Amino acid sequence: MTNPFAHEHKSESTYLDIAANDHGYEKGLLVCRALTRIPEIEPHLIEIGPGGGAAVEFLADQLQDQPKKPRLTLIEAPGICSQSLARAIDRFHSVGRCALVRGWAHDLAALVPEPVDVISASALLHEVYSYGGAYNGLHSLMRTFPTVLKPYGFFVYRDVYAVDAASLHETTVQFYSTQSWLQFLRLFLPHYLREGTHPYHRHDDEVTVRQDSRIVPAVDLNAHVCAVIRAPIGLFREVQRHYITMRDHIWRSGVLGFTPVLDGQLSGDWIDLRSGHKRVHFGFTDSGWMSATDRENILAVSEPYADHHVIDGDIFDAVTDVALNLFLAATETDESCADIWRSWLEREGRETYAYLTADELLAAFAVNSVEAESDSHSVLMPVMDSDVVVRHRHYYNRFLTKQLPNPLMDAKQMVLFQNIPVADSVALQQALGTVRAHCSKPNLARVHTAIHTRG
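Because the structure is a prediction, the values reported are computed rather than measured. The written sequence of each chain sets the order in which its residues are numbered from 1. Residue-level local features of this predicted model are given only where pLDDT is at least 70; pairs of side-chain atoms are given and counted only at 80 or more, and the full residue set underlies all totals for whole chains, interfaces and linings. Only heavy atoms go into the side-chain values, all of them from the structure, while hydrogens and water stay out.

Draft legend 1. How the structure looks around the nonpolar core. Among the nonpolar cores identified, the biggest contains 57 residues, and Tyr176, Phe184, Met246, Ile250, Leu256, Leu328 and Trp341 are the most heavily contacted of them. In terms of residue count, the dominant contributor to this core is helix 10 (residues 233-253) (9 residues). The criterion used for residue contact is that any of the two residues' heavy atoms lie within 4.5 Å. Discounting chain neighbours no more than four positions away, the residues touching Phe184 are Leu189, Val239, His242, Tyr243, Met246, Leu328, Trp341 and Trp344. Membership of the second largest hydrophobic core comes to 51 residues, among which are Phe155, Ala364, Val379 and Val388. Residue types Ala, Val, Leu, Ile, Met, Phe, Trp, Tyr and Cys, when buried and joined through side-chain atoms within 4.5 Å, form a set referred to as a nonpolar core. Burial status follows relative accessibility: with a 1.4 Å probe on protein chains alone, a residue under 20% of its type maximum counts as buried, one over 50% as exposed, and anything between as partly exposed. A helix here means a DSSP run of H or I that spans at least four residues, while a strand means a run of E at least two residues long, and both kinds are numbered starting from the N terminus.

See below:
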């Protein structure tokens, strides 16, 4: 039984055209690298789940003065519409051809009538995991890619970085003392464990919550008492990532009395990029949630900037955390707060972001792709060291470090997989050398066994 896809909430303009329509550089970076390694003048590209078109727009910019004239096919889920994507498609027509096709990722083979040169996807795998059959859905999709890619074609993957651990089931302990985090755990954790698609069902995946040295149900957490929680590290990764998306969702709603600029040029007003320290641009809203005193307090530590205000990011996080905590406490009594909470929960609350470690991810792609039902046996693996990229989220990491005693790194992981024929021993050896730097010995043995069995 799979969870229903949240069409309505995934199509909201504040989500699709704004919140999810950023980082075009990241989404298109490895696609551009793949194009430099493809000899065709008119390569056929597929992007699964183009969202608001950030990658489409980036590719249009990069290809403006290039001799290649690609054919781009965009595959989007039925019912998902975006005005910014329509504009990006129009812009892409200046450098090549672009078509939008409606369908689901698991039907990729039926949607693509002939092998293509490049397939690109951002945040696809956690969507497939959450709504399309968990690990079975993931592995099935991995076995599909080689059948729709040309030999030596590329699959570009980008999604949330998991964790540096041998397994997401590895047990660890986290401490929570901030009231907003404790409120969030009380509301979110029981829902996610009950309603979400997640792998934490084994007997040793049990979540143990302690307050005042006593075990308590998560739903009964006291937001005024420090909690010590023992659980799989992957579950903490889910809590941490969902807290960030929830916080940004509530900020965007304006219910707290302010709306920070989270996208576009002003969102990157860095004081120190490497440390994640930046200035936050924001405007006030007419929400009744902010008292006159709180408004005056924020005005006292911010500066006017054009038609809005700007404030040090660390100060902004501190002064607005109080408002967020009050909002979370009111979700069970105030209908307007409950509506905003439910809209986020419907869109994000059942999704699993961290489904495989880097070690498991590379091994899973190799093993499942080599088992694809295809006349020409091939395997998906990164060939060069630069084909595996991790980009840190410095701002979020700074925020998490100030909120949690032992936060998990927040980052995006990008991999450029090449569809290598198993008969090409030279390319295989080069790819295995690249994978060796990221995989454990047991997973390397799995990859070797799978390749040699098919070969």
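Draft legend 2. Layout of helix 5 (residues 83-92). Taken together, the buried positions of helix 5 are Ser84, Leu85, Ala88, Ile89 and Phe92. The buried residues of helix 5 occupy an angular sector of 145° when projected down its axis, which confines them to one face. Of the exposed residues in helix 5, those oriented more than 90 degrees away from the buried face are Gln83, Arg87 and Asp90. The arc in question is formed by the directions pointing from the helix axis toward the C-beta atoms.

Draft legend 3. Expanded view of the layout of surface pockets. Computed from the structure, the second largest pocket encloses a volume of approximately 180 Å³. Only protein atoms enter the calculation, which uses a 1 Å grid: trapped sets of points that fit a 1.4 Å probe without letting it out are cavities, open sets showing protein on both sides within 12 Å along at least five of seven lines are pockets, and any residue with an atom within 4 Å of a point is a lining residue. Around the second largest pocket, the lining residues are Leu256, Phe258, Trp289, Met290, Asp294, Asn297, Ile298, Val319, Thr320, Val322, Ala323 and Leu326. Broken down by secondary-structure element, the contributors of at least two residues to the lining of the second largest pocket are helix 11 (292-300) and helix 12 (313-330). Polar here means any residue other than Ala, Val, Leu, Ile, Met, Phe, Trp, Tyr, Cys and Pro, which are nonpolar, and Asp, Glu, Lys and Arg, which are charged; Gly is therefore polar. Residues of the lining of the second largest pocket, tallied by class, amount to 9 nonpolar, 2 polar and 1 charged. Grid points are joined across faces, edges and corners, and a volume is the space filled by probe spheres set on the points.

Draft legend 4. Quick look at the side chain of Ser302. Tracing the backbone shows Ser302 in strand 13 (residues 302-305). A polar contact of 2.9 Å, which involves the side chain of Ser302, links it to the backbone oxygen of Ile298. Discounting chain neighbours no more than four positions away, the residues touching Ser302 are Phe282, His309, Val310 and Ile311. Two N or O atoms count as a polar contact when they lie within 3.5 Å, although within protein this holds only if one can serve as hydrogen donor and the other as acceptor, and sequence-adjacent residues are included solely when both atoms are side-chain atoms.

Draft legend 5. Region of the structure containing the pairing of strand 5 (residues 149-160). Within strand 5, 9 of the 12 residues are buried, which leaves the element mostly enclosed by the surrounding structure. Here strand 4 (residues 116-122) pairs with strand 5 via 6 bridges, running parallel. Bridge pairing in strand 5 links Val116 to Leu149. When DSSP finds two or more bridges between a pair of strands, those strands are recorded as paired. Examined bridge by bridge, strand 5 and strand 17 (residues 411-421) share 7 bridges and lie antiparallel to one another. Residue pairing across strands places Val160 opposite Lys412, the latter belonging to strand 17.

Draft legend 6. Local environment of unusual backbone geometry. For Ala123, which is not glycine, the phi dihedral falls at a positive 65°. Assignment of secondary structure puts Ala123 in the loop between strand 4 and helix 7 (124-131). Judged by its relative accessible area of 22%, Ala123 falls in the partly exposed class. Look at Ala306: it is not a glycine, yet its phi comes out positive at around 55°. The topology assignment puts Ala306 in the loop between strand 13 and strand 14 (308-312). Among the residues examined, Ala306 registers a relative accessible area of 76% and is labelled exposed.

Draft legend 7. Region of the structure containing a nonpolar patch on the surface. Patch membership requires over 30% relative accessible area and the absence of a salt bridge. Like charges are linked within 9 Å, and nonpolar side chains (Val, Leu, Ile, Met, Phe, Trp, Tyr) within 5 Å. To measure how exposed things are, a 1.4 Å probe is used in the Shrake-Rupley method; for residues, cover is taken only from the protein chains shown. In the sections that follow, a salt bridge refers to a side-chain nitrogen of Lys or Arg positioned within 4 Å of a carboxyl oxygen of Asp or Glu. There is a patch of nonpolar side chains on the surface, built from Val301, Ile315 and Val319 and spanning about 190 Å² of accessible area. One can find Val301 in the loop between helix 11 and strand 13.

Draft legend 8. Structural view of helix 16 (residues 425-436). If you check helix 16, its first and last C-alpha atoms are 16 Å apart, about what 12 residues at 1.5 Å a residue would give, namely 16 Å. When we look at burial in helix 16, the residues that qualify are Ala427, Leu428, Ala431, Leu432, Thr434 and Val435. All buried residues of helix 16 fall inside an arc of 160° around its axis, so they share one side. Helix 16 presents Val426 and Gln429 as exposed residues on the side facing more than 90 degrees away from its buried surface. Looking at the buried residues of helix 16, the elements they touch are strand 15 (378-381), strand 17 and helix 17 (441-454). The span one expects for a helix is its residue count, reduced by one, times 1.5 Å.

Draft legend 9. Looking closely at the sheet that holds strand 6 (residues 171-176). Across the sheet, 4 strands lie side by side as 6-9-7-8; this open sheet has antiparallel pairing. Only two strands of the sheet have a single partner each, and these edge strands are strand 6 and strand 8 (214-215). Direction of pairing for strand 7 (residues 208-211) relative to strand 9 (residues 227-232): antiparallel, over a ladder of 4 bridges. Within strand 9, the position partnered with Gln211 by the bridge is Ala227. Here, axes are lines fitted to C-alpha atoms. For helices the fit covers the stretch in contact, and angles between N-to-C directions go from 0 to 180 degrees. Packed on one face of the sheet, helix 9 (residues 179-195) meets strand 6, strand 7 and strand 9 and runs near 125° to strand 6. Packed on one face of the sheet, helix 10 meets strand 6 and strand 9 and runs near 120° to strand 9.

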